[in-house]
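# Overview (structure and organization)
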Amino acid sequence: MTNSDQKKPAKRNIWVSISFGIFGLVMMICGVSKMMEGAKELSSSSESPQDRQAAIRKSLSSMKEYKEPGGSFSISYPDSWELEPLTTGLIFHARLYHGNVNIRVSKEDVPATTTTEQYKDAIIDTIKKTYPQLNLKILSTDKIDLHGTPALKSIQTTTPPTKDVAKQMDVVSVKKAKGYTITITTSEEWFPQFEPVFNKMVESVTL
């Protein structure tokens, strides 16, 4: 048996441990679903591009801090956004325009030896295997720093059943055997306008 053969079982065990109950997959799918619901609500409203620009300016100018109860996560978010109830795995959830713009943050236990790169790869692999019909496309991935904690920030698109392309900013990091996923979702059309707001929120994160 070669050295490379000896290493294979350990690597397989890491992937199995990470892939079960993974919340990164849930965050992306739920973000897209909420965007679709919000888009449906907006289709019957009188919201205009001018209203949206005003909402973006307000979002950038007035933020407040949210701290995870009993945890170390914190983020600054626009106080004009609506906080949503937290469900299993979620440590932060907020939305604008009925959810057509939304952010979800999850935290879960991962094996102590898991790296951020492994966690990110596991999420993407699980998404592609479980929901190939979403046609996930990673447009870019960059290494960033969350106040001293390394992270990976990706821009990605998916195509839900409505065929309205969703665009997301997805940030993944691992710290002290906890895997964090920050997923911010809106339509492909709206993403460039809201991207400065998304960046400002991500830049405020501490883990």
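These notes cover the structure that comes with them. (Residues numbered from 1 in each chain as written. Predicted model: local features only at pLDDT ≥ 70, side-chain atom pairs only at ≥ 80, totals over all residues. Heavy atoms only, no water.)

A few words now on the pairing of strand 6 (residues 137-146). As paired elements, strand 6 and strand 7 (residues 149-158) share 9 bridges and run antiparallel to each other. Across the sheet, Ile-144 pairs through a bridge with Ala-151, a residue of strand 7. What sits between strand 6 and strand 7 in their antiparallel hairpin is a turn of 2 residues, with His-147 showing a positive phi close to 50°. (Pairing = 2+ DSSP bridges. Helix = DSSP H or I, 4+ residues; strand = E, 2+ residues; numbered from the N terminus.)

All right, on to the packing of aromatic side chains then. Counted according to the given criterion, the structure contains 6 aromatic pairs. When the ring of Tyr-97 is compared with that of Trp-190, the centres are 5.3 Å apart and the planes differ by 70°; the resulting orientation is edge-to-face. Of this pair, Tyr-97 sits in the loop between strand 4 (90-96) and strand 5 (101-109) while Trp-190 sits in the loop between strand 9 (178-187) and helix 5 (191-204), and the two are 93 residues apart along the sequence. Just as Tyr-97 is buried, Trp-190 falls in that class too. (Phe/Tyr/Trp six-rings, centres within 6.5 Å; stacked < 30°, edge-to-face > 60°. Buried < 20%, exposed > 50% of the residue type's maximum accessible area, 1.4 Å probe, protein only.)

On to helix 5. Side chains three or four residues apart in an α-helix point the same way, a direct result of the helix having 3.6 residues per turn. A rise of 1.5 Å per residue sets the reference length of helix 5, with its 14 residues, at 20 Å; its end C-alpha atoms lie 19 Å apart and thus fit the reference within 8%. Its axis deflected by about 25° at Val-197, helix 5 carries its strongest bend there. For helix 5, every residue scored as buried is listed here: Phe-191, Phe-194, Val-197, Phe-198, Asn-199, Met-201, Val-202 and Ser-204. (Expected span 1.5 Å × (residues − 1). Bend = angle between axes of the 7 residues up to and from the residue.)

Close contact between helix 3 (residues 49-61) and helix 5 brings their axes to 10 Å; oriented N to C, the two are set at 15°. The angle between helix 3 and helix 5 falls in the class roughly parallel. In the crossing of helix 3 with helix 5, the sense of the turn from one axis to the other is left-handed. Note on element contacts: helix 5 touches helix 3 through Gln-193, Phe-194, Pro-196, Val-197 and Lys-200, opposite Arg-52, Gln-53, Ile-56, Ser-59 and Leu-60. (Axes fitted to C-alpha atoms, helices over the stretch in contact; angles between N-to-C directions. Parallel < 35°, antiparallel > 145°, perpendicular 65-115°, else oblique. Left-handed = near helix turned anticlockwise from the far one by under 90°. Contact = heavy atoms within 4.5 Å.)

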